There are 2 protein chains.
Amino acid sequence: MNDIRRPIGVFDSGVGGLTVVRALRAALPGEDIVYLGDTARVPYGSKSPRTVERYSLACQRFLLDRGVKLVMIACNTASANALDALRAASPVPVIGAVEPGATAALAATRSGDIGVIGTLATVRSGAYERAIAARRPDVRVTAQACPLLVPLAEEGWTDDEIAVAVARRYLGQMLARDQAIDTLVLGCTHYPLLRGVLTATAAEVAGRSVTVVDSATAMAEAARQILSPPPNGRAAPGRLELHATDTSRLDELAARFLGEAPTGFELVDL
Amino acid sequence: MNDIRRPIGVFDSGVGGLTVVRALRAALPGEDIVYLGDTARVPYGSKSPRTVERYSLACQRFLLDRGVKLVMIACNTASANALDALRAASPVPVIGAVEPGATAALAATRSGDIGVIGTLATVRSGAYERAIAARRPDVRVTAQACPLLVPLAEEGWTDDEIAVAVARRYLGQMLARDQAIDTLVLGCTHYPLLRGVLTATAAEVAGRSVTVVDSATAMAEAARQILSPPPNGRAAPGRLELHATDTSRLDELAARFLGEAPTGFELVDL
């Protein structure tokens, strides 16, 4: 399947999912993309599975109504809590963040000990543990909720003594439970902004190098495997259409995650 | 006015508003209280005025449908962005958080220089500046958004080196703009949990003692002024009815703000 005239749909609880858009545009430059950030109800990470599922279904409905050929759940919390419901409700394929992230982590680990950091809701769901156990039951997974990392990334305090102190506390708690962790999954779209401090601090706390993986690149690769290249490869770069449910700080934050100035968001009411 | 059979309604974006319930129960022990925390859409503080107003109106509608005789907006962000709309839509009196907080700050300041800390949306609204200027145009107000304080309070990291480093950075930014600040308004229901570290750090950064005020007590006092005591003062303590729009972490967080174990929340869909 691949109708190049139909866009890929990407949704996230906020603007962090633009890291997935960025990876997708690098991997599949000819594809049109429709993005929805549910910024009026962000964050999902502190909410219950029922609420996350309800909001995620509304986001997917919006994308399906725009004729997307593929739905990508950039939000780890939504992937962890609502993937089955989203797949059941979608006539097109749905790619979540957890499975590609789990696959990338399994490719990286040597010790068979993987650490996952994410929101409260992602960690509570046990989704990474399940995705990894389904592929490699012998691998040990330790997950740590890190509620302060999202506001740190949004403040832009990504490389200073407060970021280091927060990273030390969270990663220290995780490594105290499993000393052999050699791979760390950034299980939240905001965390790549803190990749530098997380990589350095993980190595410092573990006393050896720790491989850090995130799901954005792995998700783009999964999309490339589903979408066979169009028969006549299109030369023109695809269009990017941005939607959000609230306007606050959109452009400022979006530029940070997308890696370029966004073209402007259209406000929608779900 | 005071029909003791009708409850007081209190709403907040989450559970932080239980600090207001606590003050209200101390000031008016015989009154029944209906509380609504919009935990499915928390936080309001990072959202636009339009979205905050829409969500606040839905919360107030819920309380009015339950026959409340008075609406109290425990959430500073909602008070700062939606007070006029809420008053226009309510047949009963509406007490916000900003005006009582401003009054308390004016009573405390000697230098005439007041600092306000709150969410992004509260600070951007300029509501404290307006409320203070309307009473004392000669007083200077400096406001500072502190997005990390809410997750710090929710993590329970309220008295350690990370809390101190974060408080130092925010209060340092504020005091760099006005060295004469002698009064600090905690313009968010979560901040009283950090009162110790904020008080100590403000004094340290300013180089002298700074009076810290919050709006919970001032709001309870404003309610007492509106509600004349019932003709036959009721002996029995009033009932507290708790509602929330999402269940995640409710009981754990609620106990921290209420100062006692909550009686259980009823889940509602707005």
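Counting starts from 1 at the beginning of each chain's written sequence and moves along it residue by residue. Going through the entries in the order they are written, you letter the chains from A and number the ligands from 1. Local features in this predicted model are restricted to residues of pLDDT 70 or higher, and side-chain atom pairs are both shown and tallied only at a pLDDT of 80 or more, whereas totals for entire chains, interfaces and linings draw on every residue.

## Focus: the sheet that holds strand β4 (residues 94-95) of chain B
Heads up, the rule is: A strand pair is defined by DSSP finding two or more bridges across the two strands. Per the convention used, a helix needs a DSSP run of H or I reaching at least four residues, while a strand needs a run of E reaching at least two, with both numbered from the N terminus.
The strand order across the open sheet built from six strands is β4-β3-β1-β2-β9-β10 (chain B), with neighbouring strands paired in parallel fashion. Where the open sheet ends on each side, the last strands, each with one partner, are β4 and β10 (265-267) of chain B.

## Notes on the sheet that holds strand β8 (residues 211-214) of chain A
Residue and element names in this part refer to chain A. Selection criterion: Lines fitted to the C-alpha atoms define the axes, with helices restricted to the stretch that makes contact. Angles between their N-to-C directions range from 0 to 180 degrees.
Pairing within the open sheet is parallel, and its four strands lie in the order β6-β5-β7-β8. Each edge of the open sheet carries a strand with a single partner, namely β6 (140-145) and β8. Sheet twist, expressed as the mean angle between neighbouring strand axes with direction ignored, is 25°. As paired elements, strand β5 (residues 113-118) and strand β7 (residues 183-187) share five bridges and run parallel to each other. Bridge assignment links Ile 117 to a residue of β7, and that residue is Leu 186.

## Considering helix α8 (residues 161-177) of chain B
Keep this limit in mind: Expected helix span is computed as 1.5 Å times (number of residues minus one). Note on burial: count the other C-beta atoms lying within 10 Å of the residue's C-beta; 20 or more is buried, 12 or fewer is exposed, in between is partly exposed, and C-beta positions come from the backbone. Residue pairs qualify as contacts under a 7 Å threshold applied to their C-beta atoms, which are placed from the backbone.
In a regular helix each residue adds 1.5 Å, so 17 residues correspond to 24 Å; α8(B) covers 24 Å between its end C-alpha atoms and thus fits that length. Ile162(B), Ala163(B), Val166(B), Ala167(B), Arg169(B), Tyr170(B), Leu171(B), Met174(B) and Leu175(B) are the residues of α8(B) that are buried. Buried residues along α8(B) sit against α8 (161-177) of chain A together with β5 (113-118), β6 (140-145), α7 (149-155) and α9 (195-206) of chain B.

## Thoughts on the domain arrangement of chain A
All names here are of chain A. For the record, the criterion: An automatic or database domain assignment provides the domain bounds reported here. When residue character is reported, Ala, Val, Leu, Ile, Met, Phe, Trp, Tyr, Cys and Pro are called nonpolar, Asp, Glu, Lys and Arg charged, and the others, Gly included, polar.
Taken domain by domain, chain A holds domain 1 (8-96 + 217-267) and domain 2 (98-215). For domain 1 versus domain 2, the distance between C-alpha centres works out to 22 Å. The interface of domain 1 with domain 2 comprises 27 residues on the first partner and 23 residues on the second. Secondary-structure elements contributing two or more residues to the side of domain 1 that touches domain 2 are α1 (18-27), α2 (49-65), α3 (76-88), α10 (215-226) and α11 (250-258). In terms of residue class, the side of domain 1 that touches domain 2 is made up of 12 nonpolar, 11 polar and four charged.

## Describing the confidence of the model for chain A
Put simply, the rule is: Confidence scores here are pLDDT values: one per residue, from the predictor, ranging 0 to 100.
Averaged over all residues, the pLDDT of chain A equals 94, while 97% of them reach at least 70. Reported for the predicted complex are a pTM of 0.91 and an ipTM of 0.88.

## Regarding the nonpolar core
Rules: Each nonpolar core reported here comprises buried Ala, Val, Leu, Ile, Met, Phe, Trp, Tyr and Cys residues connected via C-beta atoms within 7 Å.
Counting residues in each nonpolar core, the largest one holds 189 residues, and the members touching the most others are Met72(A), Ile73(A), Met219(A), Met72(B), Ile73(B) and Met219(B). Excluding its chain neighbours within four sequence positions, the residues that come into contact with Met72(B) are Ile8(B), Gly9(B), Val10(B), Val20(B), Ile95(B), Met219(B) and Ala223(B).

## A look at the relation of the copies chain B and chain A
The operation relating the pair of chain copies consists of a rotation about an axis and a translation along that axis. To keep things clear, this is the line we draw: In superposing the copies, a least-squares fit is computed on C-alpha atoms, taking residues whose pLDDT is at least 70 in both.
Its rotation angle being 180°, the transformation that places chain B on chain A also includes 0.0 Å of axial translation and leaves an RMSD of 0.0 Å. Taken together, the rotation and translation describe the operation of a two-fold axis. Ranked by how close their C-alpha atoms come to the rotation axis, the residues of chain B are headed by Arg41(B), at 2.5 Å. Of all interface residues in chain B, 100% are interface residues in chain A too; the two copies therefore contact each other through one and the same surface.

## Topic: the interface of chain B and chain A
The partner chain A presents 20 residues to the 20 residues of chain B that form the contact. Among the elements of the structure, α7 and α8 of chain B are those that each provide at least two residues to the side of chain B that touches chain A. Per-element tally for the side of chain B that touches chain A: the top contributor is α8(B), with five residues. Tallied by class, residues from the side of chain B that touches chain A come to eight nonpolar, five polar and seven charged.

## Some points on the environment of Ser56(A)
All names here are of chain A. With respect to the helices and strands, the residue Ser 56 is situated in helix α2. Taking C-alpha positions, Ser 56 is 7.5 Å from Leu 86, a pair spaced 30 residues apart along the chain. With sequence-adjacent residues up to four places away left out, Ser 56 is seen in contact with Ala 78, Ala 82 and Leu 86.

## Notes on the environment of Leu240(A)
Residues and elements named next belong to chain A. Along the chain, the position of Leu 240 falls in strand β9 (residues 240-244). Of the residues examined, Leu 240 has 20 C-beta atoms within 10 Å and is grouped as buried. Considering only alpha carbons, one finds Leu 240 and Ser 125, 115 residues apart in sequence, at a separation of 32 Å.

## Some details on the pairing of β7(A)
Residue and element names in this part refer to chain A. Here is the rule: Here, the term right-handed applies to a crossover whose path from the first strand over the helix to the second runs clockwise when the strands point away from the viewer.
With respect to burial, β7 is a largely interior element, five of its five residues being buried. Both faces of β7 are covered, namely the face carrying Thr 183, Val 185 and Gly 187 and the face carrying Leu 184 and Leu 186. Across four bridges, the pairing between β7 and β8 is parallel. Paired with Leu 184 across the bridge in β8 is Val 212. In terms of handedness, the path from β7 via helix α9 (residues 195-206) over to β8 forms a crossover that is right-handed.

## Some thoughts on unusual backbone geometry
Residue and element names in this part refer to chain A. Residues Val 42 and Pro 43 are joined by a peptide bond in cis, for which omega reads -5°. The residue Pro 43 is located in the loop between β2 (33-37) and α2 in this model. Even without being a glycine, Arg 249 presents a positive backbone phi close to 60°. As for its placement among the helices and strands, Arg 249 is situated in the loop between β9 and α11.

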